[in-house]
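Each chain is listed here by its residues.
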Amino acid sequence: MSTVFLIESSPKSLYHSIQYSSRTIYLCWHHLTDAIREGTNQYEKAFGRNSKDLFQALYRSDEEMVKFMHLMNSIWNICGRDVITAFDLSPFRSIYDLGGCSGALAKHCVSVYPESSVTIFDLPKVVKTSREHFVSQRDDRIHFYEGDFFKDALPPADLYILARILHDWTDQRCVELLRKGYQSCTPGGGVLLVEALLHEDNSGPLTVQLYSLNMLVQTEGRERKGSEYSGLLAAAGFTCVHIHRTGKIYDVILARK
Ligand SMILES: C[S@@+](CC[C@H](N)C(=O)[O-])C[C@H]1O[C@@H](n2cnc3c(N)ncnc32)[C@H](O)[C@@H]1O
């Protein structure tokens with residue numbers, strides 16, 4: 001067990017995830033009571049950083065950014081394939097992974113769908129680090145795009161993947177982003193949401209309830225139910241929405257134009 005999940009060099013290692021949890025995330029959890037009272041994240045108290053720009057606070061140094069990228073990367077070595085195969089994505093040839101970070105999901109995607117290409121769209125310094133340290137130049141079906149998905153236009157694509165993106169943001173910002181996806185995707189195209197879903201009666205799963213508290217202490221968002229994501233997608237214009245619970249940590253929602 002420890003050889004598979006704890007040793008840093010193991011392909012399924014959770015080493016970076018555990019390090020980030022103990023050295024960064026728990027510092028926000030120390031202020032959980034304040035987070036619940038105030039309904040806001042706790043960067044100011046934990047790190048003396050204003051979180052008006054959430055990812056500027058998260059990436060307060062290059063070192064912190066790389067640690068975060070390793071954290072994001074590690075989980076997809078365990079359940080990335082389940083997420084990418086939850087629906088048949090082969091009809092989507094041009095795919096943008098919005099907030100694609102280290103490119104872990106992009107790699108699974110081009111390996112499962114050899115006819116598709118995936119562009120990792122992320123903030124400029126994340127894209128540079130992803131290109132230099134996470135994605136091999138031999139992956140010639142993986143491309144990069146530096147941008148801000150709230151400020152910049154989205155390049156047209158058949159499918160936009162948003163994996164663990166919406167849970168960072170308020171409903172209003174989610175609809176803003178989904179609407180951009182709706183307007184920019186090709187006819188018949190859509191968005192693929194990858195998130196941990198709460199049960200419809202909020203009774204669990206316990207891990208997702210804990211993730212939601214984690215979102216409270218760290219972000220502007222929360223974990224949601226499938227019906228809540230359907231509501232956000234409908235508000236952005238999407239009518240055809242399919243929800244797939246994988247039975248693993250992350251679930252998948254495909255919405256088509
Ligand atoms: C929670 S991480 C998810 C990363 C990746 N999708 C995954 O599941 O491993 C959020 C990602 O969104 C990116 N991001 C945040 N704000 C952004 C913006 N305004 N424009 C583009 N990317 C952004 C971050 O740099 C980060 O890579």
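Please read all numbers here as calculations on a predicted model, not as lab measurements.

A.B. asks: Break down the overall build of the chain for me, with residues and values.
C.D. replies: Within the chain, the regular secondary structure consists of eleven helices and seven strands. The C-alpha radius of gyration of the chain comes to 17 Å, within 12% of the 18 Å expected for a compact globule of 257 residues. Expressed along its principal axes, the backbone C-alpha trace of the chain runs to roughly 45 × 40 × 35 Å. Expressed as a percentage of contacts within the chain between residues at least 6 apart in sequence, the contacts between residues at least 24 apart total 67%. Of the roughly 12100 Å² of accessible surface on the chain, 53% is carried by carbon and sulfur atoms.

A.B. asks: Please set out helix α2 (residues 15-29) residue by residue, giving values where relevant.
C.D. replies: The end-to-end C-alpha separation of α2 is 20 Å, in line with the 21 Å expected for 15 residues at 1.5 Å each. At S21, α2 shows its maximal kink, close to 45 degrees. Residues of α2 that are buried in the fold lie against α3 (32-38), α4 (43-47), α5 (54-58), α6 (62-84) and α10 (206-218).

A.B. asks: So what about the site of the ligand? Which residues, and what values?
C.D. replies: Around the ligand sit 18 residues in total, of which Y59, G99, D122, F149 and A163 are the nearest. At 2.7 Å, a side-chain N or O of Y59 approaches an oxygen atom of the ligand. At 2.6 Å, a side-chain N or O of D122 approaches an oxygen atom of the ligand. Protein contacts shield 96% of the accessible area of the ligand, which totals 590 Å² for the unbound molecule. The greatest single-element share of the shell around the ligand, amounting to three residues, is contributed by α6.

A.B. asks: Explain the pairing of strand β5 (residues 185-195) to me, and be specific about the residues and the numbers.
C.D. replies: It is a general feature of regular strands that their side chains alternate between the two faces of the sheet. Within β5, eight of the eleven residues are buried, leaving the element largely enclosed by the surrounding structure. Looking at chain direction, strand β4 (residues 157-163) and β5 are connected through six bridges and run parallel. Residue I161 lies in a different strand from β5, and its bridge partner there is L192. Taken together, β4, helix α9 (residues 171-184) and β5 form a β-α-β motif whose crossover is right-handed. Sheet topology places β5 next to strand β7 (residues 251-256); six bridges connect them, and they run antiparallel. Bridge pairing links G190 to R256 in β7.

A.B. asks: Which residues make up the UniProt feature "domain: O-methyltransferase C-terminal" (unreviewed entry) in the chain, and what values do they have?
C.D. replies: Residues given the UniProt feature "domain: O-methyltransferase C-terminal" (unreviewed entry) here are residues 29-238. In residues 29-238, the share of helix is 47% and the share of strand is 16%. The end C-alpha atoms are 36 Å apart.

A.B. asks: With reference to specific residues and values, describe the environment of D148.
C.D. replies: The residue D148 is located in the loop between β3 (142-146) and β4 in this model. Accessibility expressed as a relative area gives 21% for D148, which makes it partly exposed. In sequence terms D148 and F121 are 27 residues apart; their C-alpha atoms lie 8.3 Å from each other. Looking at D148, its side chain comes within polar contact range of the main-chain nitrogen of F150, at 2.8 Å.

A.B. asks: Can you explain the side chain of N73? Please cite residues and give values.
C.D. replies: When you line up the elements, N73 lands in helix α6. Since its relative accessible area comes to 14%, N73 is described here as buried. In contact with N73, not counting residues within four places along its chain, are S102, A104 and F134.

What counts, and where the lines are drawn
Residues numbered from 1 in each chain as written. Predicted model: local features only at pLDDT ≥ 70, side-chain atom pairs only at ≥ 80, totals over all residues. Heavy atoms only, no water. Helix = DSSP H or I, 4+ residues; strand = E, 2+ residues; numbered from the N terminus. Rg over C-alpha atoms; globule rule 2.2 N^0.38 Å. Contact = heavy atoms within 4.5 Å. Areas by Shrake-Rupley, 256 points an atom, 1.4 Å probe, with all protein chains shown as cover. Expected span 1.5 Å × (residues − 1). Bend = angle between axes of the 7 residues up to and from the residue. Near = heavy atom within 4 Å. Polar contact = N/O pair within 3.5 Å; in protein donor to acceptor, adjacent residues only side chain to side chain. Buried < 20%, exposed > 50% of the residue type's maximum accessible area, 1.4 Å probe, protein only. Pairing = 2+ DSSP bridges. Right-handed = clockwise from strand over helix to strand, strands pointing away. UniProt positions renumbered as here; feature names shortened; annotations may be inferred.

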